[in-house]
Amino acid sequence: MQSTEANRFSLNYRNGLPQDLLQLCAKYPRESWDKHPNLGERVQFWLSRHDMFREMIVMLEDCCQKLSNNLIDAEEFSQWFIPRLSFLLNHLDLHHKVEEFHLFPIFAAAETKLIDGFSILETDHQSIHLFADNLKTELQALFELKNKPRDEVKRAGENSTMKFATLSKGLVSHLNDEEDLIVPIVLYHSEESLGLI
Ligand SMILES: [Fe+2]
Ligand SMILES: [Fe+2]
């Protein structure tokens, strides 16, 4: 995929994957996944990781909401938010490495007409890590503002929650699109024939 094409489908601009990458998904719609006999242990484990990321996002969003509503102060926010964000980002980093080095090449080889989808997903990973770096910069600024004027701390807190919103929105879109591309491939081919077992 040309880089300009990839940009067109970047997390910042797209709303779902392009239709030509969703033909297999149309045959295996999301509502049918649970009951399908080819939904094996590997893909179920992978989906459970995605669910864990979604749950972490909800918890972290809730903490941002509390800061925005002045239910907690910036210090309480940092103490609760930063270790949980680190947990999320560390697990995400590992998850992305497994996808890029192990899983994506298997799926792309099995369905070569969907290969552009994997370029899109890899670009998403880069965007997500960039969003995370931007958030870490804001959190560092918030941390350094301890004991500084309230207005400055409030503004830094708002910047952090805004950067987290960008990260969480991008991550949730990525998880959904990734599942729409990958689960139908597994259901069509089976984990066994893909060599996932
Ligand atoms: Fe991914
Ligand atoms: Fe993933």
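Everything here concerns the structure above.
Residues numbered from 1 in each chain as written. Chains lettered and ligands numbered in written order. Predicted model: local features only at pLDDT ≥ 70, side-chain atom pairs only at ≥ 80, totals over all residues. Heavy atoms only, no water.

Chemist: A description of the coordination of the iron ion (ligand 2) should follow, citing residues and the corresponding values.
Modeler: Taken together, His50 (NE2), His95 (NE2), Glu99 (OE) and Glu178 (OE) make up the protein donors of the iron ion (ligand 2), found 2.0 to 2.2 Å from the metal. Here the donor residues of the iron ion (ligand 2) are spaced in sequence according to H-x44-H-x3-E-x78-E. In this structure, the iron ion (ligand 2) is positioned 3.2 Å from the iron ion (ligand 1), and both are ligated by Glu99. With His95 in helix α5 (residues 74–110) and Glu178 in helix α7 (residues 150–189), this residue pair connects regions lying 83 residues apart in the sequence. (Donors = N, O, S within 2.8 Å, 3.2 Å for Na, K, Ca; no water. Helix = DSSP H or I, 4+ residues; strand = E, 2+ residues; numbered from the N terminus.)

Chemist: Can you lay out the packing of α5 against helix α6 (residues 115–144) for me, pointing to particular residues and giving the numbers?
Modeler: Viewed as axis vectors pointing N to C, α5 and α6 meet at an angle of 160°, and their least axial separation amounts to 11 Å. In terms of axis orientation, α5 runs roughly antiparallel to α6. At the point where α5 passes α6, the crossing takes the left-handed sense. Broken down by class, the residue content of the contact of α5 with α6 amounts to 18 nonpolar, four polar and five charged. (Axes fitted to C-alpha atoms, helices over the stretch in contact; angles between N-to-C directions. Parallel < 35°, antiparallel > 145°, perpendicular 65-115°, else oblique. Left-handed = near helix turned anticlockwise from the far one by under 90°. Nonpolar A, V, L, I, M, F, W, Y, C, P; charged D, E, K, R; others polar.)

Chemist: With reference to specific residues and values, describe the pattern of salt bridges.
Modeler: Scanning all chains against the criterion turns up 11 salt bridges. For Glu179, the salt bridge goes to Arg30, with nearest N and O atoms at 3.0 Å. Here the residue Glu179 occupies a position in helix α7, and Arg30 occupies one in helix α3 (residues 30–33), the gap between them amounting to 149 residues. You can call Glu179 buried: its relative accessible area is 2%. (Salt bridge = Lys/Arg side-chain N within 4 Å of Asp/Glu carboxyl O. Buried < 20%, exposed > 50% of the residue type's maximum accessible area, 1.4 Å probe, protein only.)

Chemist: Give me the lowdown on unusual backbone geometry, citing residues and values where you can.
Modeler: Positive phi values are uncommon outside glycine, yet Asn70 reaches one of about 60°. Among the structural elements, Asn70 can be located in the loop between α4 (41–68) and α5. Here Ser190, not a glycine, exhibits a phi torsion of approximately 80°, which is positive. As for its position among the elements, Ser190 is in the loop between α7 and α8 (191–194).

Chemist: I'd like a description of the coordination of the iron ion (ligand 1), backed by residues and values.
Modeler: Looking at the iron ion (ligand 1), the protein donor atoms are Glu99 (OE), His125 (NE2), His174 (NE2) and Glu178 (OE), and they sit 2.1 to 2.2 Å from it. Taken together, the four donor atoms coordinating the iron ion (ligand 1) span angles of 87 to 174° at the metal, a pattern that classifies the geometry as irregular. Expressed as a motif, the donor residue spacing for the iron ion (ligand 1) is E-x25-H-x48-H-x3-E. The class of His125 is buried, set by a relative accessible area of 1%. According to the relative accessible area criterion, Glu178 is buried, its value standing at 0%. (Tetrahedral: all angles 85-135°; square planar, octahedral: opposite > 155°, others 65-115°.)

Chemist: Describe the nonpolar core, with residues and values.
Modeler: In this structure, Phe77, Phe81, Leu85, Leu92, Leu135, Phe164 and Leu167 are the most contacted members of the largest nonpolar core, which totals 30 residues. Elements supplying a minimum of two residues to this core: α4, α5, α6 and α7. Ranked by residue count, the leading element in this core is α4, at eight residues. Excluding residues that lie within four positions of it along the chain, Leu167 makes contacts with Leu85, Leu89, Ile128, Phe131, Ala132 and Leu135. Ranked by size, the runner-up nonpolar core spans 29 residues in total, among them Phe9, Leu24, Ala108 and Leu196. (Core = buried A, V, L, I, M, F, W, Y, C linked by side-chain atoms within 4.5 Å. Contact = heavy atoms within 4.5 Å.)

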